[in-house]
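The residues making up each chain are set out below.
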Amino acid sequence: MKSLFLLGTALAVSTPAWADEAADTADTADTIVVTATREPTPITQIGQSVSVVTRDEIERTQATTALDVLARLPGVSFTQSGGFGQPASVFIRGADNAQSLVLIDGVPVNDPGDVGGGFDFGSLTIGQFDRVEVVRGSSGVLWGSRAIGGVINFITARPTDQWTGRAQAEYGWRNRRQASASAMGKLGPVGLTLGGNWMKGDGFSAFDERLGGTEKDGFESKSANARAEVELVSGFSADVGGYWTKANYDYDNTGADALNTGLKRDALGYANLRYSGLDDRLNARVGYGLTDTHRISNDAVWGPYETNGRVERVEGQVSFTPVEMASILVGAETEKQKFDDNYGSKDSTSIDSYYGNLTLRPLAGLTLNGGLRYDDNSDFGHKTTFAANGAWVIGSGDEAPVLRASYGEGFKAPSLYQLYTNAGFRALDPETSKGWDVGIEQPFAEGTGRFTLTYFDRKTKNLIDYDLANWNYYNVGRARAQGLELGMQVANWHGFDVNLAYTYLDATNEDTGAQLARRQKNNFYASLDKSWALGLKLGADLRVGGGRYDDTANTYYLDGYVVAGVRASYALTDNIEVYGRVENLFDEHYEVVRTYGTPGRSAYAGVRVKL
């Protein structure tokens with residue numbers, strides 16, 4: 001693997017959509033996050049590893065998909081079976097895609113109709129989202145059974161007092177067109193957010209064109225989001241919202257072109273009633289969330305396979321800070337999942353959960369968290385899990401180092417799809433995990449930059465995998481993922497933005513000694529951006545991906561790759577900006593899934609308008 005070249009993007013601030021208390025700031029010590037603790041918390045008081053991506057960073061790097069954003073973060077890697085629309089998985093610290101919880105505006109969107117109950121990132125665009133929070137490490141005590149690897153929260157814009165808006169249009173390689181728009185403001189006492197995104201392109205052959213693929217696999221994606229919020233009386237407020245997306249795409253078989261077509265449709269809605277009192281020391285929320293999914297995989301030979309998934313969730317949460325040095329959070333939730341397909345399967349399951357978390361601040365700069373969760377699964381009984389973490393700011397000032405450590409346990413029942421397809425075969429047990437990490441953060445450059453180094457280790461029992469010989473699922477006895485994460489971010493230091501992210505990962509099946517499939521041992525990203533007062537911005541980035549085995553038996557090995565890109569933008573006025581980029585500048589040929597292609601050299605240009 002070749003040389004390292006830098007590019008940077010600042011990690012500023014973020015908050016999940018169901019909390020409005022976050023504020024953007026260039027000083028990382030002031031960054032407020034919510035996903036890690038389910039309450040607005042300064043990042044210096046969080047013991048877990050957290051990355052925050054703001055709208056400014058999304059626009060500066062000209063990202064168009066969720067994968068574009070996540071690939072730039074430490075501890076995160078992905079695979080995709082072709083181009084946009086094709087199935088894509090994200091691995092946090094080597095955890096399976098289905099072992100990480102994905103949220104949109106705080107609502108879980110993992111698909112109960114998915115093989116493992118995970119989320120398919122293949123058609124998720126980033127145009128409507130204002131920020132992204134990624135929590136690395138087990139978060140199951142606060143977020144439930146699907147958060148063994150971590151939590152990813154995509155957050156749309158909050159309503160503003162005055163109406164503001166943005167719009168963007170882009171055109172590029174293989175006739176790809178994209179347009180998006182969002183508007184935020186108030187109609188009387190009601191705050192509103194509205195947004196939409198559209199993307200369509202001819203695509204490239206999902207079966208690797210360099211292996212003989214000739215038939216292009218095109219796509220079209222549409223999405224929309226809305227949110228309304230209002231203060232009912234002093235201390236009481238309500239908010240409702242939703243997100244909808246639909247993607248049509250063509251796909252190929254393994255090792256050959258095919259005239260297959262697919263459809264993905266996701267819809268979610270949420271409603272919350274909130275209370276805040278006692279000078280904001282007492283906060284309560286009662287909420288309802290709904291996720292509904294529909295999938296069609298229409299094979300040109302075998303015909304369509306259709307699945308439908310539905311999750312309904314009711315939850316309540318109360319946090320109270322009786323004294324400055326201590327606070328407590330308690331919550332309860334009930335969730336029901338349903339799954340059916342066009343071959344007659346129809347099943348459901350439910351889980352009732354109770355959780356609590358105690359936060360102590362015994363010394364200046366020291367924050368300790370400890371929590372318990374009790375889950376009662378209708379199919380697999382009850383399970384209690386524990387988590388604890390701490391953060392210690394040593395000293396004071398913009399460049400005071402922060403020590404972090406965390407421990408977390410996880411519990412994940414088999415998905416409805418796995419249980420149904422295994423009917424009559426071997427029984428499946430729930431996956432369980434224990435993980436810990438320890439790290440240090442060193443701010444520098446008067447708080448505009450930070451350097452992080454983290455060691456992590458997670459052990460999983462009964463990891464569910466697929467047996468190709470017997471055509472059903474089984475439990476792996478023991479799996480382990482351990483490694484190092486290194487990150488460096490600089491935000492607007494004399495016009496420079498810098499981002500470095502490196503991950504070393506050793507993810508193995510401890511029963512056989514084999515590497516877990518599709519996990520890279522080494523993954524590196526670097527970027528550098530420079531802006532000038534006249535409105536010109538130039539940037540470049542480099543991704544160095546290590547090799548990986550494509551199968552559980554470690555038979556097929558995929559080589560690593562080096563991919564570079566350059567970009568530029570220019571502000572014509574205070575409200576209008578033109579931009580362009582070249583991806584895969586040196587036309588690197590590589591695969592992240594065996595026999596499936598990746599984009600070659602490609603160029604895009606567009607315009608942004610802000611009001």
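Structural data are supplied above this passage.
Let me sum up the structure you'll find in this document. (Residues numbered from 1 in each chain as written. Predicted model: local features only at pLDDT ≥ 70, side-chain atom pairs only at ≥ 80, totals over all residues. Heavy atoms only, no water.)

### Points about the side chain of Arg38
As for its position among the elements, Arg38 is in the loop between β1 (32-33) and β2 (41-42). For Arg38, a relative accessible area of 2% corresponds to the buried category. Here the side chain of Arg38 touches Glu315 through a polar contact of 3.2 Å, side chain to side chain. (Helix = DSSP H or I, 4+ residues; strand = E, 2+ residues; numbered from the N terminus. Buried < 20%, exposed > 50% of the residue type's maximum accessible area, 1.4 Å probe, protein only. Polar contact = N/O pair within 3.5 Å; in protein donor to acceptor, adjacent residues only side chain to side chain.)

### A short note on the pattern of salt bridges
With the rule as written, the count across this model stands at 42 salt bridges. The closest approach of N and O atoms between Arg295 and Asp111, which form a salt bridge, is 3.5 Å. Residue Arg295 is found in strand β16 (residues 282-299), and its partner Asp111 is found in the loop between β7 (107-108) and β8 (129-136); the two are separated by 184 residues along the sequence. On the basis of relative accessible area, Arg295 is assigned to the buried category, the value being 13%. With a closest N to O distance of 3.3 Å, Arg310 and Asp292 form a salt bridge. Linking Arg310 in strand β17 (residues 303-323) with Asp292 in strand β16, this pair joins segments that are 18 residues apart in sequence. Because the salt bridges share partners, they merge into one network encompassing Arg38, Arg146, Arg285, Arg313, Glu315, Glu333, Glu335, Arg373 and Asp375. (Salt bridge = Lys/Arg side-chain N within 4 Å of Asp/Glu carboxyl O.)

### Some thoughts on unusual backbone geometry
Although it is not a glycine, Asn175 adopts a positive phi angle of roughly 60 degrees. For Asn175, the position within the fold is in the loop between β10 (164-172) and β11 (176-187). Although it is not a glycine, Thr595 adopts a positive phi angle of roughly 75 degrees. Residue Thr595 is classed as buried on the basis of its relative accessible area, which comes to 11%.

### Some words on the sheet that holds β7
Across the sheet, which stays open at both edges, the five strands sit in the order β3-β8-β9-β6-β7 with mixed pairing between neighbours. What marks the edges here is a single partner per strand, and that holds for β3 (49-54) and β7. (Pairing = 2+ DSSP bridges.)

### So, the packing of aromatic side chains
All chains considered together, the criterion is met by 14 aromatic pairs. Between Trp173 and Phe204, the ring centres sit 5.9 Å apart and the planes meet at 40 degrees, which makes this aromatic pair tilted. Of this pair, Trp173 sits in the loop between β10 and β11 while Phe204 sits in strand β12 (residues 190-204), and the two are 31 residues apart along the sequence. Under the relative-accessibility criterion, Trp173 is labelled partly exposed at 22%. (Phe/Tyr/Trp six-rings, centres within 6.5 Å; stacked < 30°, edge-to-face > 60°.)

### Structural notes on the pairing of β10
Relative to β11, β10 runs antiparallel, the two being bridged by nine bridges. Of the residues in β11, the one forming a bridge with Glu170 is Gln178. Relative to strand β33 (residues 602-610), β10 runs antiparallel, the two being bridged by seven bridges. When the sheet's bridge partners are listed, Arg166 is paired in β33 with Lys610.

Nothing here speaks to function; it is geometry throughout.
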